[in-house]
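Analysis of the macromolecular model
Next come the chains, spelled out residue by residue.
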Amino acid sequence: MKASQQDRQAVADEARIIEDWHAASAESVLGTLQSAPGGLAEDDALARLQRHGYNRLPEAPRPGVFARFLAQFHNILIYVLLACAGVTALLQHWVDTIVILAVVFANAMIGFIQEGKAESAMDAIRRILAPQASVYRDGQRRSIAADGLVPGDVVFVEAGDKVPADLRLLQAHGLSAQEAILTGESVPVSKRSDAVAGMPPLGDRTSMAFAGTLVTAGQGRGVVVATGAHTELGRISGMLAQVEELTTPLVRQMQGFARWLTFLILALSVVLLAYGYFVVGQDFAELFMAVVSLAVSAIPEGLPAVLSITLALGAQAMARRNAIVRRLPAIETIGSVSVICTDKTGTLTRNEMMVVSVLGARGLYAVEGTGYEPAGAVRLDTAQVEPGEHAVLDELARAFALCNDATLQQHDDAWTVAGDPMEGALLACAAKLGTNAHDMRTEWTRTDAIPFDARHAYMATLNHDHEHRAFILVKGAPERILAMCMHQRAADGGDEPVAPSHWQREIDAVAAQGQRVLAFAQRAVEPGQTVLEHSDLARLTLLGMVGMIDPPRVEATQAVAECRTAGIRVKMITGDHAKTAAAIGRQVGLVNANTVLTGSDLDALGDAALAAAVNDCDVFARTSPTHKLRLVTALQAQGKTVAMTGDGVNDAPALKRADIGIAMGRKGSEAAREASDLVLADDNFASIVAAVREGRTVYNNIRKVISWMLPTNAGEALIISLALMAGFALPVIPIQILWINLVTEATLGLALAFEPADAATMRQAPRPRHAAILSGALVWHIALVSLLFLGFTYGVYLYAIGRGYPLELARTLALNTIVVLELFHLFFIRNIDSPRLGWHALKATPAVWLTTGILVVAQLAVTYVPALQAVFGTAAVPMADALLVVGTGVLLFAIVETEKQLRLRLRSRHA
């Protein structure tokens, strides 16, 4: 059922005009939407469905499988190789053609398989919408598909439901909703039907229930004010579709390098072709094939495949450390990250409420433990106490268990809560105080209750036991409970007049640590009372209070410290309250956790002020998806490489915009995972540090591959160029050049992908965002090694010619010389950053020895097997000459290692 373009425009205009549904009265909202408390008529609903369309999110277009496969060939180096393959085919050099095409196709398949997941963040968000909705039509309640809802429908929601559309609440009875998926705040928000004035943050619009959020308690009725793309969820998905996804530094640098190298190769080829034909007077067909040989020798055709394999091996290593890679180039990007923008809830914290403080007449008790697990010590002034020795703790534990609607459940070794997370935390605390909630509820039967409501800010129960005793138990906001209390439980177990000023100081001290405070009180009543009224809640006795918090992960503090050592700044961006965010920031060790900027503060800052704020502040609270996106963009504008971690739909746009998006795998939304580059399988912030270490190792290995491959290719190109300019016969023919590049890059180049992490990897500063692949030191190394290749290869070749060897044998010696030089160059590159050469530096990995063995066997086969001699134009090499070839490799290693040591010593003297 489709809406016309005109109708859709009218709906969009209406959505832009009416942004303050929360501030309007229920009656005016119904009037604006031309609805009624009994809902819409069925005919009216169908007509509105025609105009508004289905309650779905728009689907983004996607490339097909074939288009994604073709995209793997979109690389200028690949274009040049394909052109070379075409030329060799025209010249009927079929072996050359087949080898080039095999390399190109293998590279495309690796990229296609590793990066074949299409962008599906929109689908993930769409699946969050509830499949069914309980709606009133023609005054009767019925269940319909949620995508059939229209503005004006009246919907009923209760505990356990997923809100199917944005609702302006008409009625709310103990209603609360978990909105972390939109706001990042872990504590459920209490809802009410009263209008909320102004334009408060999303989490404070208590008269609204938003699509995709989960009802955790109570029940309510609301009128649909927005569906599909016009919901808050849809607005975020729209932002996600519009976010520009940045390329990674590696992809960007490799594209620039490929363009530069292609231009250089083509220019050199044209110059040599013209010089050889017009100046030297060589035959054009032979000359053209020699120029093709030059292009093949200069192009590192194995580089794309080796890079893809290196990244794939890095992906496997990260997976073993619980970091699942969705896009291969993201592996090296995580290694260059200089700022991590992290969500608080579920990332730095456990996303589980826990009681950490109990305030009683004797003082402040500290409660230990992990999450909802009902085990942990209780301490008073650092000394562990037995709950039975403190009567007030027994009374508080009884209140925790009875004035409570939640239950704790154990699945394997994990404890979860069914119901309100804060009530689950109270049950865990009761167990730590020696009280079993199930036994307590069996002993004390609940006969009546007043459910929690934001208007009165408390919950109360009336309980009776088998000994004909009855108690009213109350929990709620401290200021509300204090106002209802006449006495407080004294240290000796008796009663004394309540001291509000004392309790207020205690509340302020606990709240300053980011803890949410609940107060508990009770009053004995006559056994015959079975009905509980609000008027009964007077002359209460205050038992005490609790402070609870979503605690940091045990590993979070260590992970943040390791990030600091690695030169990475961690910034918390959360939808939670400022005090809570600051407290968590201090606990995990953020650099500047005492300065907090809220979303409203950010709205008041211009771009220049924001740029200063993101540098000086590490805690941002009460933020919206727009704020997160703006902060990430501001950091990137300053040249920072930014990682964004998150788990909610509200994080998805920033995850996509960031250089590296890291989503939580267990508790994160599917939308966040699909918008990210990395997914943490264990939701553990500490796994990010492991991912950074692996990312830096991968980049170091990629740098080693490039540092090894470019000098060898440049040396081969120099050898061909000199022959063309001097009019010599080629020391190595094109098929031999292809063989060298294919066999060495598939063995020796790949061996570098297995190099282990250096001990100093996490003690180095992040790589600059715009650091070039071709540094000055690498350019010098390329020049030095290529000249050494030129000298040693021509030295051996001319030695063979001088001794009267056949041309095939001379070329075979040159071919083997190049291979041996590349092998010894590999051993140098493995330790290119090592300040001294020792046994540890010379000791190779199993991958190096394995690939060396494969290379030696392959090279012996090409040299001595007759069938391969016919294909590659080689001849058997005498043993004495073979030793001479090996000697050139040893000499090369000695020269470049000596140069490195001299250069490092000179640099240290000038440092």
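Residues numbered from 1 in each chain as written. Predicted model: local features only at pLDDT ≥ 70, side-chain atom pairs only at ≥ 80, totals over all residues. Heavy atoms only, no water.

Topic: the sheet that holds strand β26 (residues 642-646)
Pairing is mixed in the open sheet, where eight strands are placed in the order β8-β28-β27-β26-β9-β23-β25-β24. With one partner strand each, in any of the chains shown, β8 (323-325) and β24 (596-598) form the two edges of the open sheet. Strand-to-strand twist in this sheet, taken as the mean axis angle between neighbours without regard to direction, amounts to 20°. The pairing of β24 with strand β25 (residues 619-621) spans three bridges and is parallel. Bridge pairing in β25 places Leu 597 opposite Phe 620. Sheet strands in contact with helix α21 (residues 578-588) are β23 (569-573), β24 and β25, and its direction is about 155° off that of β25. (Pairing = 2+ DSSP bridges. Helix = DSSP H or I, 4+ residues; strand = E, 2+ residues; numbered from the N terminus. Axes fitted to C-alpha atoms, helices over the stretch in contact; angles between N-to-C directions. Contact = heavy atoms within 4.5 Å.)

A closer look at a nonpolar patch on the surface
A surface patch of nonpolar side chains, about 700 Å² in accessible area, is lined by Tyr 275, Tyr 277, Phe 278, Val 279, Val 280, Phe 284 and Met 725. Counting residues per element, the nonpolar patch draws most heavily on helix α10 (residues 249-280), which supplies five residues. Position of Phe 278 among the secondary structure elements: in helix α10. Residue Phe 278 is classed as exposed on the basis of its relative accessible area of 67%. (Patch = residues over 30% accessible without salt bridge, like charges linked within 9 Å, V, L, I, M, F, W, Y side chains within 5 Å. Areas by Shrake-Rupley, 256 points an atom, 1.4 Å probe, with all protein chains shown as cover. Salt bridge = Lys/Arg side-chain N within 4 Å of Asp/Glu carboxyl O. Buried < 20%, exposed > 50% of the residue type's maximum accessible area, 1.4 Å probe, protein only.)

Here we look at the packing of helix α27 (residues 686-726) against helix α30 (residues 807-830)
Axis angle and axis distance: for two packed helices, these are the angle between their axes and the distance between the axes, and together they describe the pair. Contact geometry for α27 and α30: axes closest at 10 Å, N-to-C directions at 150°. In terms of their interaxial angle, α27 and α30 are classed as roughly antiparallel. Between α27 and α30 lies a crossing of right-handed hand. Residue-level contacts link Lys 704, Ser 707, Trp 708, Pro 711, Thr 712, Glu 716 and Ile 719 of α27 to Ile 818, Glu 822, His 825, Leu 826, Ile 829 and Arg 830 of α30. Residues of the contact of α27 with α30, tallied by class, amount to six nonpolar, three polar and four charged. (Parallel < 35°, antiparallel > 145°, perpendicular 65-115°, else oblique. Left-handed = near helix turned anticlockwise from the far one by under 90°. Nonpolar A, V, L, I, M, F, W, Y, C, P; charged D, E, K, R; others polar.)

Re α27
Here α27 is 41 residues long and its end C-alpha atoms lie 60 Å apart, about the 60 Å a rise of 1.5 Å per residue gives. Counting buried positions over the 41 residues of α27 gives 33, a clear majority of the element. In the segment just after α27, Gly 727 is the residue with positive phi, at about 75°. (Expected span 1.5 Å × (residues − 1).)

Details of the confidence of the model for the protein
Scored by pLDDT, the protein has a mean of 84; 89% of the residues are at 70 or more. In this model residues 8-17 is a low-confidence stretch, pLDDT under 50, and it forms twelve contacts with partners more than four residues away in sequence or in other chains. A low-confidence stretch, residues 114-130 (pLDDT under 50), is modelled with 55 contacts involving residues beyond four sequence positions or located in other chains. (pLDDT = per-residue confidence, 0-100.)

Digging into the pattern of salt bridges
This structure, assessed with the given rule, holds 26 salt bridges. Of the charged contacts, one joins Glu 352 and Arg 350 as a salt bridge, the two residues approaching to 3.2 Å between their closest N and O atoms. Exposure remark for Glu 352: the relative accessible area of 10% places this residue in the buried category. Residues Glu 897 and Lys 900 are paired through a salt bridge, measuring 3.3 Å at the closest nitrogen-oxygen approach. You can see Glu 897 and its partner Lys 900 sitting in helix α34 (residues 879-910), three residues apart, about one turn around the helix. In this pair, the class of Glu 897 matches that of Lys 900, namely buried. Members of the salt-bridge network, linked through shared partners, are Glu 42, Arg 137, Arg 142 and Asp 153.

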